[in-house]
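Coordinate analysis (summary)
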Amino acid sequence: MNMADKTKREFQSGSVKGAALQQSVLLVDDEPDILELLEMTLLKMGLVVDKAACVQEALAKLAANRYDLCLTDMRMPDGDGLEVVKYIAAHSLDVPVAVITAHGNMENAITVLKAGAFDYLAKPLSLEQLRTLVKSALSMPQPSPSADKLLLGNAPAMQKVRDLIERVARSQAPVYISGESGSGKELAARLIVQSGPRSDQPVIAVNCGAIPENLMESEFFGYKKGAFTGADKDRDGFFQAANGGTLFLDEVADLPLTMQVKLLRVIQEKRVRKVGSTTEEPVDVRLISATHKDLAERVKSGQFRQDLYYRLNVIPIQMPSLRELREDIAQIAQQVLNRLRAGVPTRFSDEALRVLQQYDFPGNVRELENIIERALALCSEGVIAAEDLCLSPVEQAEVGERTDKYPLPAYLDRVEKEALMEALQQTNFNRTAAAKLIGLTFRTMRYRMERLGIKSPAGADDAD
Ligand SMILES: Nc1ncnc2c1ncn2[C@@H]1O[C@H](COP(=O)(O)OP(=O)(O)OP(=O)(O)O)[C@@H](O)[C@H]1O
């Protein structure tokens, strides 16, 4: 971009000071409300925003200025977002472009990806997904999802959890956190670490379900040079990396039995042996484990070793589901809203609060956060109405009537996650090979992994 263009855009966006370092985004949408919501979100991320209300205006701006990212709606009065994508590709502009598509329109999504868009966002928009997409496109650092968060809820069940967290933070005993998906297990684990003496030491969080079985031992314990083909230097595992600090074993129920035996030995002896090594090294690691599965049941059915279960479950913490905190739902919802809408007063209508209080929240606080983010994109005049929550009668149905296909976005995420995990496991977490296997570009693959919270194990065979 030449300096004149840059200065012009900086003035337009009203942010001259320090703007030379800011990255710029072109938003294309004919809906003023959506445009404003997107703009506010991006401005809060410290980006410079330029807007176009139709395809022609977008093409003119792309011709005149240089942007770091373009985000376009699909349907506009004078054409569609595909033309913007094609224009960028045809003129070899180095601008990653993403498209906002109508909910459920997979055909559109595929067409725009084929035309060169690096990703798409489906309506109703999730601002969290938008932020992840933007950060991924602009290579901005991703904050930890639970940073600066408090455990909300005042019902006795949550008070008990808070008391326990405070007490166990000072101890070094292993903590086992159980509870449904989205009920705050990882958040509780982080709070335990933050309030304890190891708060300035490393915390290594491991998703036990995401590591291919054949890589597990070397991932956890490290390996010596020459231990196997490709081991060209000594490498530490999770235990060594967490030494002096904390190891958070998420989805611990997914550890295969062979690994359970090895883990038990390390916990008992406080020593690890790298793969290919003849000697052991001492490790001092505090263990926190969690799963949404019923671990006691797995012990009964022989899928989880009882001795390891006892070792991990020294201090059990049971996270209550949001249904058990029904009396707190209104307050938690308002607190989540305040956090998402920092500084902009927004409230729920009485009817919206009533709907929320009656809803079952199979996805717990995570689902509540998503519902509110979506409602924010739809609401007007600072009030979230019941319709903005988009809780269809199906979603409000009795637990027994719900199928696992509702709500649809969560179901689609699960299907996508399973497909990605399968491809990643087949390729030893080589993202390039996995992307090829399922027909995505590397960039899209990386973004989707980020969005769905899939992390590559540290030693994965990545050919980036
Ligand atoms: N009581 C709570 N107060 C505030 N935020 C919460 C609470 N419970 C969950 N959250 C938020 O909900 C989201 C999901 O929480 P978290 O990742 O801790 O859940 P989890 O139980 O570990 O889920 P999973 O089993 O799917 O891994 C996070 O954004 C978290 O901050």
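Quantities reported herein were computed from a predicted structural model and do not represent experimental measurements.

1. A closer look at the overall build of the protein
Per the secondary structure count, the protein includes 19 helices and 16 strands. Looking at the protein as a whole, 34% of its 464 residues qualify as buried. Taking as baseline every contact in the protein between residues at least 6 positions apart, the subset at least 24 positions apart corresponds to 71%.

2. Concerning the site of the ligand
Near the ligand lie 18 residues; those nearest to it are Leu-152, Gly-184, Lys-185, Glu-186 and Val-365. At the level of secondary structure, the elements contributing two or more residues to the shell around the ligand comprise α8 (185-194) and α16 (364-378). Its residues assigned to classes, the shell around the ligand comprises five nonpolar, eight polar and five charged. When we break the shell around the ligand down by domain, the ones giving at least three residues each are domain 2 (156-318) and domain 3 (322-401).

3. Topic: the UniProt feature "modified residue: 4-aspartylphosphate" (unreviewed entry) in the protein
This chain's UniProt record puts "modified residue: 4-aspartylphosphate" (unreviewed entry) on Asp-73. The topology assignment puts Asp-73 in strand β3 (residues 69-73). Residues in contact with Asp-73, not counting those within four places in the same chain, are Val-28, Asp-29, Asp-30, Gly-81 and Ile-100.

4. A word on unusual backbone geometry
For Lys-270, which is not glycine, the phi dihedral falls at a positive 55°. Residues other than glycine seldom take positive phi values, yet Asn-364 does so here, at roughly 55°. Along the chain, Asn-364 turns up in helix α16.

5. Points about the confidence of the model for the protein
When pLDDT is averaged along the protein, the result is 83; 88% of the residues meet or exceed 70. For the protein, per-element mean pLDDT is lowest for helix α1 (residues 3-12), which scores 27, and highest for strand β8 (residues 175-178), which scores 96. Below a pLDDT of 50 lies the segment residues 1-20, which in the model reaches 22 contacts outside its immediate sequence neighbourhood of four places, other chains included. Below a pLDDT of 50 lies the segment residues 394-402, which in the model reaches nine contacts outside its immediate sequence neighbourhood of four places, other chains included.

6. Looking at the nonpolar core
One recurring pattern in soluble globular proteins is that nonpolar side chains are buried together. If you look at the biggest cluster of nonpolar residues, it comprises 42 residues, and the most contacted ones within it are Ile-177, Ala-188, Ala-189, Ile-192, Phe-239 and Leu-247. Looking at which element gives the most residues to this core, the answer is α8, with six residues. Residues contacting Phe-239, with those up to four places away along its chain left out, are Phe-220, Phe-221, Leu-247, Val-266, Val-272, Val-283 and Val-285. Residues Leu-42, Met-74, Phe-118 and Tyr-447 belong to the second largest nonpolar core, which totals 38 residues.

7. Considerations on the environment of Ala-423
As for its position among the elements, Ala-423 is in helix α17 (residues 408-426). Overall, Ala-423 belongs to the buried group, with 21 C-beta atoms counted inside 10 Å. As for Ala-423 and Ala-433, which are separated by ten residues in sequence, their C-alpha atoms are 8.4 Å apart. Contact partners of Ala-423, with chain neighbours within four places excluded, come to Ala-434, Leu-437 and Ile-438.

8. Considering the pairing of β3
Burial runs high along β3: five of the five residues are buried. Alternating residues of β3 divide into Leu-69, Leu-71 and Asp-73 and Cys-70 and Thr-72, and every residue in both groups is buried. As judged from the four bridges shared by strand β1 (residues 24-28) and β3, these two strands associate in the parallel manner. Within the sheet, the bridge partner assigned to Val-25 lies in β3 and is Leu-69.

9. Topic: helix α2 (residues 32-44)
Because the α-helix completes a turn every 3.6 residues, residues three or four places apart line up on one side. An ideal rise of 1.5 Å per residue puts 18 Å on 13 residues; α2 measures up with 18 Å between its terminal C-alpha atoms. Listing the buried residues of α2 in full gives Leu-38, Thr-41 and Leu-42. Seen from one end, α2 has its buried residues packed into an arc of 95°, which puts them on one side. Among the exposed residues of α2, those pointing more than 90 degrees away from its buried face are Pro-32, Asp-33 and Lys-44. Where α2 terminates, the next one or two residues include Gly-46, which has phi positive at roughly 85°.

About the criteria used
- Residues numbered from 1 in each chain as written.
- Predicted model: local features only at pLDDT ≥ 70, side-chain atom pairs only at ≥ 80, totals over all residues.
- Helix = DSSP H or I, 4+ residues; strand = E, 2+ residues; numbered from the N terminus.
- Buried ≥ 20, exposed ≤ 12 C-beta atoms within 10 Å, placed from the backbone.
- Contact = placed C-beta atoms within 7 Å.
- Near = placed C-beta within 6 Å.
- Nonpolar A, V, L, I, M, F, W, Y, C, P; charged D, E, K, R; others polar.
- Domains from an automatic or database assignment.
- UniProt positions renumbered as here; feature names shortened; annotations may be inferred.
- pLDDT = per-residue confidence, 0-100.
- Core = buried A, V, L, I, M, F, W, Y, C linked by C-beta atoms within 7 Å.
- Pairing = 2+ DSSP bridges.
- Expected span 1.5 Å × (residues − 1).
- Arc of directions from axis to C-beta.

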